[in-house]
Each structure stands twice: as structure tokens, then as C-alpha cells.
Amino acid sequence: RPRPGLARFRGCLAGALLGDCLGAVFEGRSVVKLPELLSFLKGLEPAPPEEGGEAAGSARGESLPYTDDTAMSRSVVQSLLAKQEFDEVDMAKRFAEEYKKEPNRGYGMAVVNVFKKLLSPKCSDVFEPARAQFNGKGSYGNGGAMRVAGIPLVYSDIQDVKKFAKLSAELTHANSLGYNGAILQALAVHLALQEGLSKETFLEQLISHMEHVEADDKSLSDARALGFEDLPFSRRLKKIKEFLELSSVPKADVLFELGNGIAALRSVPTAIYSFLRCMDADPDIPAHYNALQRTIIYCISLGGDTDTIATMAGAIAGAYYGEEQVPPSWEQSCEAFQETQRMAKSLYELYCQRL
Ligand code: R7I
Ligand code: MG
Ligand code: MG
Ligand code: MG
């Protein structure tokens, strides 16, 4: 199998950053009107040269702050780079220290309790605070999935991707509906890194992996305890397959079947669907936007947890299309974009070194 190039690593982290920073502007809105979104995006593009005015080009700088999605993604990456492999104690420490340093990045309501416990010197098992969440049932939020892209950018073996995606998520999300979402997102990035997979193959592979991932006792009992059918992620992936066979799917159907919420089950499949459907042109989105831009625009247009759905879809699309599709004016509008590029290069070197 040919090794993926640096452009895919850069595209992945840049796509994730774009999704978070652009999506955060609209996070929590139940309706995002496309004309408003498009006009906001136009404002990121370099201003046309003005006679006697300021110099041409985007002077707006890194005007869009990233949120918890990127803060935690960066901790995942920084831990992997520092330790050259997954280290749960180091990663947990970085999550907690990062939260302590900048608590106002928009973290989930409940996960902050995990950080507070991790910061206590009494904490000896880094997985214990996550297990105590929600009366011992663990969180099913999308926080494990939103930050997971660094794992498939270090580990090329698919069993390692699953194993370390799960462990990295379990530091905060002990419910299988939380960490299975992280496994699914990591698998999607892993597949996107491979050369030229078709839509159909991509989805078939995700379904066959997730049917296995979701078949263990804890996944079955967690899903049943919350009133879901068995294999809920796999089932939604099959719904995506149905959607992709239709010539158009109303937004209301996407929201009903897949969702735009903060639960991993109501957001990771949505991100994957957004990536796959945006491989093709969309009559509502201007044709001058490329597939990666279209993916992010589509995610944000769904409303709800826009930063997180767009960051997950952005990571997948960026890994698939590479940095060529990352528009410089968009990227340069995002906080810490240069450091993100450096992290992508270091991840690429570690990935190659481990092959
Ligand atoms: O999953 P998490 O890190 O939150 C990520 C989201 C993203 O949208 C970010 O952009 C940020 O805005 O937050 O944090 P958690 O606090 O573990 O989970 C998020 C929310 O999901 C919780 O605050 C709950 O509202 C909900 N949730 C649950 N509700 C009931 N029962 C998660 N698990 C449960 C549960 O078991
Ligand atoms: Mg966020
Ligand atoms: Mg938030
Ligand atoms: Mg969010």
C-alpha cells in the first residue's frame, strides 16, 4: 500500500481547524441560513484592492479563535509527539492542564468535572474520573470523537487505530456510545488517508468495522440501556448509504435520521455523511467552492453542534483531498494555523518512522 503524503496530514489538521473555527461562529444555532453563512465566508477572502486604500490582501489575521475541539485535538497530538506513542497518563495530564490554562474554550458541561478530578494529586487511575460521569454510565458526548484525528495520523495499522482511539476517548468518555463514536471518526480519517477510495468502498469498510466494534457486550448493553437498537452507529452508516443513493435528501431528513447534536451518535455519522455527499456538487453551494470547502459549508448549514460536526468532517475531507483544497485565506483566519502546520509535519515524520 502506498504511504500517504505529507499533504494529507496537513490537510487533515487544517481541515479540522477550519471546521472548528468557522463552525464555532454558528455553534448552537438551530437554523443557519445559507446566505448569511456565505456572506460571512466572503468576508474571510482578501479584500479587492482599493485605490488609495489599505494594501490588498487579507489583513484580518488569525481572527477566528479555536474552541475545546481544537484545544483537545492539540493535546492529543502534542502527547503523541512527546511520547512517540499513546501514553494515557501523559495525555490525561495535558487535557487537564490545558483546561486549567484556558477554561473558557467552550468545553462540554460535564467533562470539566473529569478535568478537575484529573488535576487532583489523589487521582491514581486516569480512567476513573470518566467512569464516574453520569452516575457511573459515562458520557456519550462527542468529545472523544472531535479530538481523535491525531491517532490515525500516527498509527497506520487499523487495529492500533481502533485500540488507541478507544483509549484516548475513554479518558473522558466511558460510555460506549461516546468512545465508539471516536473509533468511527478515527477509522474515517484512516480510510481517508488511503489513496483514492471510492465513496462506496469507504462506507462499506466503515460498516464492516463498526459491526464488529459494536458487537461486544458493553456496546450492546450501553445501547439498550439508553433505549437504542443494537449496533446504532452501524445502523446509521447504512442509513447514509440509503441517503447517498438518492438524488437529493432534505435537510430535515438528515437532521431526523442522523442529527446535529452533542451526542457522538447524533454527530459523527452526520460528519461522515457530510463528507461523502459533498464529494459531488451541491446546487445550493456556489460552484467555485471546492469539495473540502463544500463539506464545511454543508456541515455548518445543518446548525446545532456546528463546530464539532465541521471539525470532524473537515479532518476527514482534509485527509482525503490534501492541503491543496485548503484555501489560504480561510486557513489564515484561524488561530494558531502555523503551529497546526508544524504539528502535521511532525506527525507525518512519526507516522513514517513507525511504518
Ligand atoms: O463530549 P464533551 O467533551 O462535549 C463536547 C461538545 C462539543 O460540541 C464541543 O464543541 C463542546 O461544545 O462540547 O463533553 P460532555 O460534557 O462529556 O458531554 C457533552 C454533553 O452531552 C453533556 O454536557 C450532556 O449534556 C450530554 N451528555 C449526556 N447527557 C445525559 N446523559 C453526555 N453524556 C450524557 C449522558 O450520559
Ligand atoms: Mg467546541
Ligand atoms: Mg461549545
Ligand atoms: Mg461543539
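All values derive from a computational prediction rather than experimental measurement. (Residues numbered from 1 in each chain as written. Chains lettered and ligands numbered in written order. Predicted model: local features only at pLDDT ≥ 70, side-chain atom pairs only at ≥ 80, totals over all residues. Heavy atoms only, no water.)

Some details on the confidence of the model for the chain
Move 1: Averaged over every residue, the pLDDT of the chain is 96; residues scoring 70 or more account for 97%.
Move 2: With pLDDT under 50 throughout, residues 55-59 is counted as low confidence; its partners more than four residues away or in other chains account for six contacts.
Move 3: Under the prediction, the complex receives an ipTM of 0.97, its pTM being 0.97. (pLDDT = per-residue confidence, 0-100. Contact = heavy atoms within 4.5 Å.)

Side note on the side chain of Glu335
Move 1: You can see Glu335 is positioned in the loop between helix H17 (328-331) and helix H18 (337-354).
Move 2: Of note is the side chain of Glu335, whose polar atom sits 2.9 Å from the side chain of Arg105.
Move 3: Those residues in contact with Glu335 that lie beyond four places of it in its chain are Leu17, Cys21, Glu62, Leu64, Pro65, Tyr66 and Arg105. (Helix = DSSP H or I, 4+ residues; strand = E, 2+ residues; numbered from the N terminus. Polar contact = N/O pair within 3.5 Å; in protein donor to acceptor, adjacent residues only side chain to side chain.)

Description of the coordination of the magnesium ion (ligand 4)
Move 1: Protein coordination of the magnesium ion (ligand 4) is provided by Glu27 (OE), Asp305 (OD), Asp307 (OD) and Thr308 (OG1), with donor distances spanning 2.0 to 2.5 Å.
Move 2: In the primary sequence, the donor residues of the magnesium ion (ligand 4) line up as E-x277-D-x1-D-T.
Move 3: Separating the magnesium ion (ligand 4) from the magnesium ion (ligand 2) is a gap of 3.7 Å, bridged by Asp307, which donates to each. For the pair Asp305 and Thr308, one class covers both residues: buried. (Donors = N, O, S within 2.8 Å, 3.2 Å for Na, K, Ca; no water. Buried < 20%, exposed > 50% of the residue type's maximum accessible area, 1.4 Å probe, protein only.)

Quick look at the packing of aromatic side chains
Move 1: On inspection of all chains with the given rule, the structure shows 15 aromatic pairs.
Move 2: Note on Tyr289 and Trp330: the rings are 6.0 Å apart at their centroids and 50 degrees apart in plane angle, and the pair reads as tilted. One end of the pair, Tyr289, is in the loop between helix H14 (268-277) and helix H15 (291-301); the other, Trp330, is in helix H17, and 41 residues separate them in sequence.
Move 3: The class of Trp330 is buried, set by a relative accessible area of 0%.
Move 4: Chaining the aromatic ring pairs together yields one cluster made of Phe202, Phe275, Tyr320 and Tyr321. (Phe/Tyr/Trp six-rings, centres within 6.5 Å; stacked < 30°, edge-to-face > 60°.)

Quick word on the pattern of salt bridges
Two side chains that carry opposite charge are able to pair once their charged atoms sit near each other.
Move 1: Here the structure, examined in full by the defined rule, presents 22 salt bridges.
Move 2: As a salt-bridge pair, Arg277 and Asp282 come within 2.7 Å of each other at their nearest N and O atoms. (Salt bridge = Lys/Arg side-chain N within 4 Å of Asp/Glu carboxyl O.)

Remarks on the coordination of the magnesium ion (ligand 2)
Move 1: Around the magnesium ion (ligand 2), the protein supplies Thr67 (OG1), Asp68 (OD), Asp69 (OD) and Asp307 (OD) as donor atoms, at distances of 2.0 to 2.3 Å.
Move 2: Written as a sequence motif, the donor arrangement for the magnesium ion (ligand 2) is T-D-D-x237-D.
Move 3: Taken as an interatomic distance, the gap from the magnesium ion (ligand 2) to the magnesium ion (ligand 3) is 4.0 Å. Of this pair, Asp69 sits in helix H3 (residues 68-83) while Asp307 is found in helix H16 (residues 306-321), placing the two residues 238 residues apart along the sequence.
Move 4: For Asp69, a relative accessible area of 0% puts it in the buried group.

Focus on the packing of helix H8 (residues 158-170) against helix H9 (residues 176-193)
Move 1: Viewed as axis vectors pointing N to C, H8 and H9 meet at an angle of 140 degrees, and their least axial separation amounts to 8 Å. Relative to H9, the element H8 is oriented oblique. Here H8 and H9 pass one another in a crossing that is right-handed. Of H9, the residues touching H8 (which contributes Ile158, Val161, Lys162, Ala165, Lys166, Ala169 and Glu170) are Tyr179, Ala182, Ile183, Ala186, Leu187 and His190. (Axes fitted to C-alpha atoms, helices over the stretch in contact; angles between N-to-C directions. Parallel < 35°, antiparallel > 145°, perpendicular 65-115°, else oblique. Left-handed = near helix turned anticlockwise from the far one by under 90°.)

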